[in-house]
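# Working through the structure, step by step
Below are the chains, spelled out letter by letter.
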Protein chains: 2
Amino acid sequence: MKTAARIGPVTLWRKKAEGTSGPVVFVPTMGALHEGHASLIRRARRLAGRKGSVVVSIFVNPTQFGPKEDLAKYPRPFAQDLALCKREGVDLLFHPTPEEMYEGDSSVKVCESSLSTGLCGASRLGHFNGVCTVVAMLFQIIRPDIAIFGEKDWQQVAVIRRMVRDLKMPVKILSHATVREEDGLALSSRNRLLSPESRLVAPRIYQALLTALMAAEAGETSVARLRRRLTSDLAVIPRTVVDYAEIVDESTLLPLQKLTPGSAARALVAVQLGSVRLIDNLGISR
Amino acid sequence: MKTAARIGPVTLWRKKAEGTSGPVVFVPTMGALHEGHASLIRRARRLAGRKGSVVVSIFVNPTQFGPKEDLAKYPRPFAQDLALCKREGVDLLFHPTPEEMYEGDSSVKVCESSLSTGLCGASRLGHFNGVCTVVAMLFQIIRPDIAIFGEKDWQQVAVIRRMVRDLKMPVKILSHATVREEDGLALSSRNRLLSPESRLVAPRIYQALLTALMAAEAGETSVARLRRRLTSDLAVIPRTVVDYAEIVDESTLLPLQKLTPGSAARALVAVQLGSVRLIDNLGISR
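Residues numbered from 1 in each chain as written. Chains lettered and ligands numbered in written order. Predicted model: local features only at pLDDT ≥ 70, side-chain atom pairs only at ≥ 80, totals over all residues.

Our next topic: the interface of chain A and chain B. Counting from both sides, the interface comprises 29 residues of chain A and, opposite them, 29 residues of chain B. Going through the elements one at a time, helix 1 (7-17), strand 5 (108-112), helix 6 (127-142) and helix 7 (154-166) of chain A are the ones with two or more residues in the side of chain A that touches chain B. Residue composition of the side of chain A that touches chain B, by class: 13 nonpolar, 6 polar and 10 charged. In this sheet, strand 5 (residues 108-112) of chain B lies alongside strand 5 of chain A in antiparallel orientation, the contact comprising 5 bridges. Across the sheet, the residue bridging to A:Glu112 is B:Val108, located in strand 5 of chain B. (Contact = placed C-beta atoms within 7 Å. Helix = DSSP H or I, 4+ residues; strand = E, 2+ residues; numbered from the N terminus. Nonpolar A, V, L, I, M, F, W, Y, C, P; charged D, E, K, R; others polar. Pairing = 2+ DSSP bridges.)

Structure below.
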């Protein structure tokens, strides 16, 4: 596995990869890699095959954190991440510093103004512009044929798909199913920040989503009723503040009134559990 | 010469060009091509050599025109443009429709917040975000190794360079000297919209810039005095309203106080001449 902290060597590496016949498959991450990332990387490896390449980036992007968010305490276990990437057959690990990515007088951003206003965007101002900008930069540097994102960050996947569509980026975006603990908790690098008490009750987030799915499968079509139930199921989890609980169209993220056989609905939730903010989501079909 | 109105064929063409050893050199235009564009295209041809390719785009980008600007009356002499491109040895002419470039619910933009606020940006709100967005899109579609822009739009070149730097785009930006009529008027597609009376006095814009340069060469170092003189020289041109006349650092576009031997100063002007807005600029060295 090749590793690079600078852009120059990645550009050179990419030039050489142009001659090969397999695709360059890219998994952007903020590090603190867990089995969810490993699952993304294994999918990338399968897609790349022997002739293609798998690139992973590790970059805790400061511009997607708000001033009161957890940038400083975001976990950065680099040695473990490196070992995981080696084990999973990554070809190139790109791990730039913030200084390598951002100039002091940087003044250009990629801005999304529709999908990113609600849900996580409502409380995390500027977050998705930070995400779009850094992903656009990484796409310029790595020029992947395919990029894979985890579905736990469902809104992020929708925003990235929109960016790729609108800016005509020559990359195929794939999303990958959320990997969960045995008790249902969605894997997240932030889970390791949970107190033991919070970790114990955290699976109830997924249980609340499953309850909504079961109600929909049992015939409930009113989104207002489903959402009320979902919100109250989350609110009763100890030490929890519900940021949002919404049921929206899975692509446009626009609110739905009713579940219909044709609707591709998704329930998305964010809660503050102790000092840690967790998100999760589930497809709610009839 | 290959022509394409759709993105799909350009993507396929570009894939094939990957195998060749020469660079892909790109000249983005809004059409209504004149000798200034021809000069850019000839430079592109020289840079590409026999093994590389020259791509020209013709796209009158609606998102860089303000609601009260001249989008509808912007000249579109496509047959002549096509002939010029053929004559100059262009390999691929890309001429998309607005519908091919923009989705109805498009929501992603590239935004520049420093270099684009003054000069033309002050009166043309959103103009440079429109420029950045469409140039970013064209770069994604065409993936040029080199792109060439005319220096008449000096602020545009500075903003594009900043975008490429900040978003880490793998393209080299070259600027190309302004081509002028014999009487000094900078070539512009908008010149053909001038009334005969306006055309007659239009060269006085360049003369005002030359006067500023000569004053600087004669030892004037006060930017305030140079600028006052430049403004009054422009203001006395018949039927003219001065939009701005500034002397700034050529890269940062920030105001200067004094010309020094080390300063890379540039005078930039915009005037409304009858119903036509014209811009020009000149390096003001000591």
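Structure's up, so let's keep going.
Moving on: the relation of the copies chain A and chain B. Rotating chain A by 180 degrees about the axis while translating it 0.0 Å along that axis superimposes it on chain B, leaving an RMSD of 0.0 Å. Taken together, the rotation and translation relating the two chain copies correspond to the operation of a two-fold axis. Relative to the rotation axis, the C-alpha of A:Val110 is the closest in chain A, positioned 2.3 Å from it. Most of the interface of chain A is mirrored in chain B, where 100% of its interface residues are also at the interface. (Least-squares fit on C-alpha atoms with pLDDT ≥ 70 in both.)

Bringing the confidence of the model for chain A into the picture now. Confidence in the prediction for chain A averages 95 pLDDT; 100% of positions are at 70 or higher. Interface scoring of the predicted complex returns ipTM 0.94; its pTM is 0.95. (pLDDT = per-residue confidence, 0-100.)

The next subject is the sheet that holds strand 8 (residues 240-249) of chain A. Residues and elements named next belong to chain A. Pairing is antiparallel in the open sheet, where 3 strands are placed in the order 8-9-10. Strands at the two margins of the open sheet, each flanked by one partner only, are strand 8 and strand 10 (276-283). Strand-to-strand twist in this sheet, taken as the mean axis angle between neighbours without regard to direction, amounts to 15 degrees. Sheet analysis places strand 9 (residues 265-273) next to strand 10, joined by 8 bridges and oriented antiparallel. Of the residues in strand 10, the one forming a bridge with Val269 is Asp280. Its contacts with the sheet put helix 9 (residues 204-217) on strand 9 and strand 10, and the angle it makes with strand 10 is roughly 25 degrees. Where helix 10 (residues 223-235) meets the sheet, its contacts fall on strand 8 and strand 9, and the angle it forms with strand 8 comes to roughly 155 degrees. (Axes fitted to C-alpha atoms, helices over the stretch in contact; angles between N-to-C directions.)

Turning next to the domain arrangement of chain A. All names here are of chain A. Partitioning chain A into domains gives domain 1 (2-176) and domain 2 (189-283). Computed from C-alpha atoms alone, the centre-to-centre distance between domain 1 and domain 2 is 26 Å. Contacts between the two partners involve 14 residues from domain 1 and, on the opposite side, 14 residues from domain 2. Mapped by element, the contributors of at least two residues to the side of domain 1 that touches domain 2 are helix 5 (120-123) and helix 7. Top contributing element to the side of domain 1 that touches domain 2 by residue count: helix 7, with 3 residues. By residue class, the composition of the side of domain 1 that touches domain 2 is 8 nonpolar, 4 polar and 2 charged. (Domains from an automatic or database assignment.)

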